[in-house]
Structure formats: C-alpha cells, structure tokens
Amino acid sequence: MEFATGALGTLLPKLGKLLQDEYNLQNGVKKDIEFVTRELESMRAALRDVGEVPQEQLKEVVKIWARDVRELSYDMEDIVDTFLVRVQGSEPLSKRSVRRFIKKMTSIVSTAKTHHEIVQETKDIKERVKEVAERRDRYKVDAITPAKTSADPRITALYTKAASLVGIDEPREELISRLTKEDGGMMGEQMIISIVGFGGLGKTTLAKAVYDKIKPQFNCTAFVSVSRDPNIIKIFKDMLYDLDKKEYKDIHNAALGQQHLTDLVQEFLKNKRYLIVIDDIWDTKPWEMIRCAVPENDLKCRVLTTTRRIDVAEHVGGCYMMKPLTHNSSKILFYGRIFGSIGNCPQQFSVVSEKVLKKCGGVPLAIVTISSLLANKSRNVNEWCDVCDAIGTGIGNNPGMDDMRKILLLSYYDLTPQLKTCLLYLSLFPEDYEIVKSRLIFRWIAEGFVQQGHGMKSLFEIGQSYFNELLNRSLIQPGDIDEEDYVSPLSCRVHDMVFDLICSVSRDESFATTVYGDSKQITSSESKVRRLSIHSTSCPKMNTSKLRSLTIKNPAIINSMPPLSCYHLLCVLDLQYCDLNDHPSLDFVGKLFHLRYLSLADTRYAGEVPREIGKLQFLQTFILRGTGIKEVPLSIFELGQLMCFVVGDSTRLPTSGLGNLSSLKHLRMNVDSVYIAEELGHLTHLRVLYVVLTKDKEGRWDESMCRVLVGSLGKLLKIQTLGVEISNDVAVDLEGSVDSLSNLYHLLIYGTSRLPTWINPASFLLLSHLHIIVAQVRREDIQVLGMLQVLRVLELHVAGTKQVFERFMISADAFPCVTRCEFSGFSMVPSIFPPGAMPRLRRFVFHIRPEDFGDTEFTDDDLTLSHLPSLQTVWVHLDGEETISEEMAMKVKETLKNEARANPNHRDIRIRIDDEWIQLCM
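Residues numbered from 1 in each chain as written. Predicted model: local features only at pLDDT ≥ 70, side-chain atom pairs only at ≥ 80, totals over all residues. Heavy atoms only, no water.

Undergrad: Help me understand the pattern of salt bridges, please; the structure alone is not making it clear to me.
TA: Opposite charge on two side chains lets them pair, provided their charged atoms get close. Taken as a whole and assessed by the stated rule, the structure comprises 29 salt bridges. With a closest N to O distance of 2.9 Å, D574 and R439 form a salt bridge. One end of the pair, D574, is in strand β13 (residues 572–574); the other, R439, is in helix α18 (residues 437–447), with 135 residues separating them in the sequence. Across the pair, exposure class does not vary: D574 and R439 are buried alike. Each of the salt bridges in this network shares a partner with another, and the network as a whole consists of D169, R172, E173 and K213. (Salt bridge = Lys/Arg side-chain N within 4 Å of Asp/Glu carboxyl O. Helix = DSSP H or I, 4+ residues; strand = E, 2+ residues; numbered from the N terminus. Buried < 20%, exposed > 50% of the residue type's maximum accessible area, 1.4 Å probe, protein only.)

Laid out in structure tokens, this is it:
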C-alpha cells in the first residue's frame, strides 16, 4: 500500500515534465495528461490515508484497488520513460559534430511516430484511470480514516514482575545513579533524562523499573504514555489522576481544555518534589506542551522520558542510549522461557538456538516473541531450523509474531511515503549485509525515490537526509560501529527483526523479488517482476519483461537469464562483487538507454567499456572501482547527467573532455597529467572528490601537476569531502594557494612529504575530519592543526623517519573539539597532553615501536592521560620492525593502568592493547 503511494510520487513529476513545451505534444494529448495527473494526485491522497491503516484492518476490495493503482502507475511510468528516451534520443547533440546533427535531423520521422504512439497509449491510460477512479468512489476509499490499534502490545512491559526481568539491573542502576547523583549546587534543579533506542529494546520496561525503585523518594509520581497519535487532553488527565487518584478521581469525566489542565498540573506540582515518566514520545511538539506543565523548582524533581528518535531525545535533554542485552542475558531470557534455564536445553537445540539469538540481536521483545513461538513448537529441531531460516524472509505473517510486528509497524507507519519506500528498498540486500551509504543513496536516486525540492539541496543531500532520518528513528543501524565519532556513518545495517518486517511488507506490496542462496524467494502475487535481486547460483523462471532494477552477485546467473540487452526499461544494474573476469563483453550496456545506475565495482572485469556508453543519456552513476579496465572511451564525456563517477586505480581517463561532465557531484579518479588536473577546476558542482596522482603511461612524473591540481581545488567552492593520494614511489609537496574550501568537512591527504601550508584555521571553518599520512611533521604543523576549531577526528601518521613530540608542540588550548585521535610513527615524550588540551577526547589510539625508545623506558609521563577529562578508550598497537619484549609489554600495561587511575574519569576508561582488553582494578 505504501509503495503504491511512492510509485505515484515518482510518476507525477515525470508527467509534469511531459507537459513542458519542449515536447510539443498535441493539445488533446496535453489535456488527457492533465486529466490523468489530477486523478492520480487524488488517488495518491487517498492512498496516504489507506497507508495509515494496518493491513489486517483493510477490506480486500481496498487492497485490490491499491494494487491496481500501483500497476497503473508502473505502466504509465514505463510509457513516459520510453517516450522521453525516444524523443531526447540516445545520441547527444554536440555543437562540434555535424555528423550527429544530421543524424538528429533524420530522426524527426521516428519522433513523429513516437508522438503518434503516445497519443494512443495516453488514451488507453486515461480509460484505465477513469475505471480505477470509479472504483475508488464505489468503494468509498476516500472515507477511510486511520484506525487505532485496539490493544497496545507494549502495555505488558508495565506489568512485568521485577523478578522476571533479565539484564536490567545494570542499566537500571546506571540510570538511578544519574538521576540521584550529587552534583555540587546543581542537585536542587530539575533533571530530565531521555531513554532512546530501537523499538522492542525495553525502554518502557527500563523506565518502569527505575520508576518503581525510586518513587518512594518523591512526594508525588506519575507514569503516562504519549504514543504516536497523542491526545494532549487525555495525557494531562492521566497525569493528574496518577499524581493524586483521590483528588482527581473524576478528572476523566470533566470537560476541561488544554490550558486549564496545564494550569492544574502546574499548580499541583509547583511546591512538590515530583518524579514523572513520559513514555513513548514520537515528536517534539507534544513534549513542548508537557514541558509547560511541569514547573522547575528547587526540590530535586526528576523527569524521565522514552523515545525511539534520537533527535527527540537530544531535544528533550539528558540522552541515554539504550543498549541491547548482552549475549549471556539473552541466553538466560531465551532458554528460561522455553526450558526453564540454560542448563535444561537439550544439546541438539544449542546450535540453532545460537543462530536464533544472533538474529534477535539482544532485543528483549524479539527474544521473548521468538522464544514464545518456539515454545509452542514440537521438540523437533528441524521445525526450529525452519523458524530460524524464516526470520528475515517475512516471518512477520506468523500469528506468533503479532506483537513484535505491531510494535515495529508503529515506527513504519510513522514514516513519510518517501521514507517508507526507501526503507522497503533495503529488502533487496542480503540479511546482515553492510550497505555502503553512497551506494544506497545513488540507487535511491536512480529509482526516482529522491525528488528535487524547492530548496538548494542536491539530490544526494536529500537522499542523505533520508538516510539520516532512518538512522534517527533507529530503523537502520550504523554499519561502521567502531567509528563512533563519525558525524554520519559511512554505511548501515538492518536489524534482523526490521529486515523481517520490510521483507514481509515488500512481499505484500509487490515491491521486490529477492532470491536467496537456498532458493527461498520473496515474491509478489503479481506475474510482473519490477525489482529483482539474486543472491544465489540459480534463479527460478519469472516474468521479467518489465524489469527496472537488477542486482546480481553470481556471474553464472547472467548466463542463465535472457540477454541483459532485452531489459529495455532497466534503470539500475548493480553487478558489484559479480566476478566478470571471464566475461567477454559489456556491449549489451549500450542498448540499455534507461540506465541511471551502473556498477561494475569489484567485478574484476578486464575488458573494454563500449563506446556506446555515451548513448546512455540518463546515466547518473557509473562505478568502475575494482576492475581491470585499462582506459575508458572518449564517449564517457558525453554523459551529461552523470553525478557519480568512480574509477579504479588501474583505469585511466582520456586526456581531455573531463570538464564536460558538469553535473558531477562525486568523483574518484586517477590524475596522470596536467591537463586532467586543470580540467578538474571546471567541475564546480563537485561535493566529493578523491584523486590519486600517478605517473603517466610512460612512467614519467610531471612536476607541475601538483601545483595545477591545487589551483583547481581552489575553484571547487562546494567541495565537502576531499581526498588526495600520491603514488607510493613519489615524494612531493602539495603546495599552492587555496583559500575557498570553506565548505570542506572531511580531508584525506596520503603520501605527501609534509603537511600542505594551505591547511589553515582561517580557511577551514567546517573541517571536522582530518586523515593525513606524511613523511615528516613539523612543530608548526601540530600548532596549526591544534587551532582547527571544529575538528573532531584526527588521524596523523608519519611514514618516514620517526617523529618526536616535544613538550611545547601541543598548547594548552589545542584541539578543543577532537573526540578521536590516532597517532603513529611518533615517539612519546613528556607532556604530550598538557592540561586543557583535547578536553573532549574520548578515544585515543597510538602505536608503540620498540625501536622508537632504544634504552629509554616508557614512563607515566610519556602520555599524561590524566589531563584528558573525557577519555573513555585507549587503544595501543604494539608493532614495528623489532619484536617487543615481554618485559616492555608489561611495562606498557602497568604504565597505562597507572595513567588511567590518575584520570578523574577513570571508572569509565577502557584500555586495549592490540586485541586484548586490560581490566582496571580500582
């Protein structure tokens, strides 16, 4: 149902484009298209209302109507796309090519034929639209209003016996400590803490456990739920009743307005020490209304809230990230519900039980739900294996999973149509797969899920906001979890329970067909497959004539399918990791005129890119990383809509023409000549650029290339992420004048002889991530880097002669915002961290090489970690050319322990040496 809305969202802008004068449609056709557009907009509005109603509460006729709208929009989009391709042509009109101009003129006859065809097809579509619209009126679809869930499955969390709770002691005591801690003169002020986390993680259970344990310390208490569709009048009445059941026993029968109720709550609380829990906040607006009713006084009042959204938690204040259960607690909960205890589990169930627990990911509700389902199964290990295998392929339709599904659907129904479509798209990737953010966003764009708004944001930036919103709502998880200091993670994963939900909805919505390695298949009830993702060595027969998206990992699939050139409507062809080393040719690509996304990443394809690639005038993303392609044809520079172009280390570009790709936003390429370095300066819309400076085909190095490159960088006013890598066998400087990189926030420089002088605090106002590998670091370099006011992540590696940090190299106010720092290639000497430096540093990583010290001992003064008040993790790598002695290793461990104990934050510090975590005994 949700995807029917999303499908119309991609179609309607195309219909608007078709009405533009440049397509010279007959007036009758324009009127028909205007009629169709109006009707489809009305249907889209109706579908939004239908999408708010749980599937199980919809009548079958409404489901059929929504399915027909979806198929209608698909067919209409196919017609429009085909028309646009034919009219715009596969050959770009070049002012420099008379031959192409003549060819363009001779295509007028075929264009006229195309216009005639669209006249007929538009009439057919109009009749179908009329018929579907009549059924909408007949079924009274517009009259459907979102129904409320009859029973809230979370309610059981409020009545769970404390003795039956597992793994809650530690977070409960941690929260209680934060709520009751002595904090100087601040103790009398009101304190607010917001528990945030994934649906089913146990936020309500934790809040209730804290509430029950500390409420005797307060004059009055209340526990109220906000929910997704808040009724603020009812919330205030519930709060008053909970605060004093005797005085407000009839409050729910009183006809009182919001302002009167706000005044009543304020008046009741103003002279009391209160504890209030506000459970399940979905938005900041209801919180602001509640905030007005809870007065601040000097009586040590406390407010505890729960939410699934990180932005809401940060707005409320005092964010507490809810953690999944540990593996041991998960086992206690799981085995306890099925067998009574861990020890009672029969041996034959241990392996499959571990697999189930892995899929539950420490989410208590998932563990309880799955264990309840398995407890009702016979003691047949094969049935357990079937349940385990089904998780992630739509087990949500199983009646035993109802509560889990309903809780997750609360988050799903709260999404906009665009976000719902983007989330469903994740069902095309394998279970437990780490999905690179840029790959996902560019595929969203190619599918038409990301539409240009009225603002100045690019399509990628809009797609990135969708990605961040799904993260914010805990529906996807950061993939690079070790990089916790990144402002935005570079990849994501989907929790198995969410994956199970989106697979189930994807099947219901006929959104995608996914074939797994065990030949299990998520398939639609329709005969036409629009999106196909194959993760197996074989593929069942299906109708793929309308295929728009194809993902293949196994090269054998290509040979078993119809020729890829027959998929004329294909917009996305993702062959990443599909080994094409023995594949003879990619000539078929030149016939896929609708292609918007083409990835050959990590395919090892060593053939040629066909010259016909220039015909793909809609191509937006072209990825060649991880191939053996030696060079690309000159026609690559005719791709006027190309936004993302990623070239591997062994691939060279033609010397001239790069500047024609004026739509490029993301570029990764080799630079081997002054001409290419100069043309980079014409790509003024670039936001992400990674270049590798290499020698030319003859193995010659052009000394002026770096200077020209730096000059080009100064023209890229919109650049946000920049990486420059120098070939290993060349030692050069990146000197020149750069004063316009004010939007840069991520900078990587690998292989220069020293830090470029154009890196300075005045020009890099937004720089938050800096990764540098240089041959030598100067004293003034450290001072300059220390003055970067918003720098959060610093990785500094010296690849040449060892460097010595001297006492004066880091000033007391240096690196004010750095939270993660990594040094290698340095010898540590006294006072590396003077008091005041790196006040926010949480994670410190450094490398120790025995040869750096010689006869000098590693002492407590070598780091002065005691000066780092925010430190949480110290990670030491023992490496180098010499083997570190056991005596020195022990000395390092003891030194680090002593350093940690001297830190005011010592109770929270973790120390890791290589792969061993060191226990601090306080």
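Undergrad: What exactly am I supposed to notice about the side chain of Q617 here?
TA: Examined against the element boundaries, Q617 turns out to sit in the loop between β14 (597–599) and β15 (621–623). Classification of Q617 as buried rests on a relative accessible area of 15%. A distance of 2.7 Å separates a polar side-chain atom of Q617 from the backbone oxygen of G614. (Polar contact = N/O pair within 3.5 Å; in protein donor to acceptor, adjacent residues only side chain to side chain.)

Undergrad: How should helix α15 (residues 381–390) be read in this particular structure?
TA: An α-helix turns once every 3.6 residues. As a result, residues three or four positions apart point the same way. Those residues of α15 not exposed but buried are W384, V387 and C388. Down the axis of α15, the smallest arc covering the buried residues is 100 degrees, so these residues share one side. On its buried face, α15 is in contact with α12 (327–339), α13 (350–360) and α14 (364–375). (Arc of directions from axis to C-beta. Contact = heavy atoms within 4.5 Å.)

Undergrad: Honestly, the side chain of S458 in this entry has me stumped. Any pointers?
TA: Relative to the helices and strands, S458 resides in the loop between α18 and α19 (459–472). For S458, a relative accessible area of 8% translates into the label buried. In this structure, S458 is in contact with Q452, K665 and R687, ignoring residues within four places of it in sequence.

Undergrad: Help me out: how do you make sense of a nonpolar patch on the surface in this one?
TA: A surface patch of nonpolar side chains, about 280 Å² in accessible area, is lined by Y745, L765 and L766. Considering the arrangement of structural elements, one finds Y745 in the loop between β19 (721–726) and β20 (746–752). The exposure class of Y745 is partly exposed, given its relative accessible area of 31%. (Patch = residues over 30% accessible without salt bridge, like charges linked within 9 Å, V, L, I, M, F, W, Y side chains within 5 Å. Areas by Shrake-Rupley, 256 points an atom, 1.4 Å probe, with all protein chains shown as cover.)

Undergrad: Would you mind going over helix α25 (residues 886–901) with me for this structure?
TA: When the terminal C-alpha atoms of α25 are compared, their 23 Å separation across 16 residues agrees well with the 22 Å that a helix rising 1.5 Å per residue should span. Every buried residue belonging to α25 is among M888, A889, V892, K893, T895, L896, K897, E899 and A900, and all of these are buried. (Expected span 1.5 Å × (residues − 1).)

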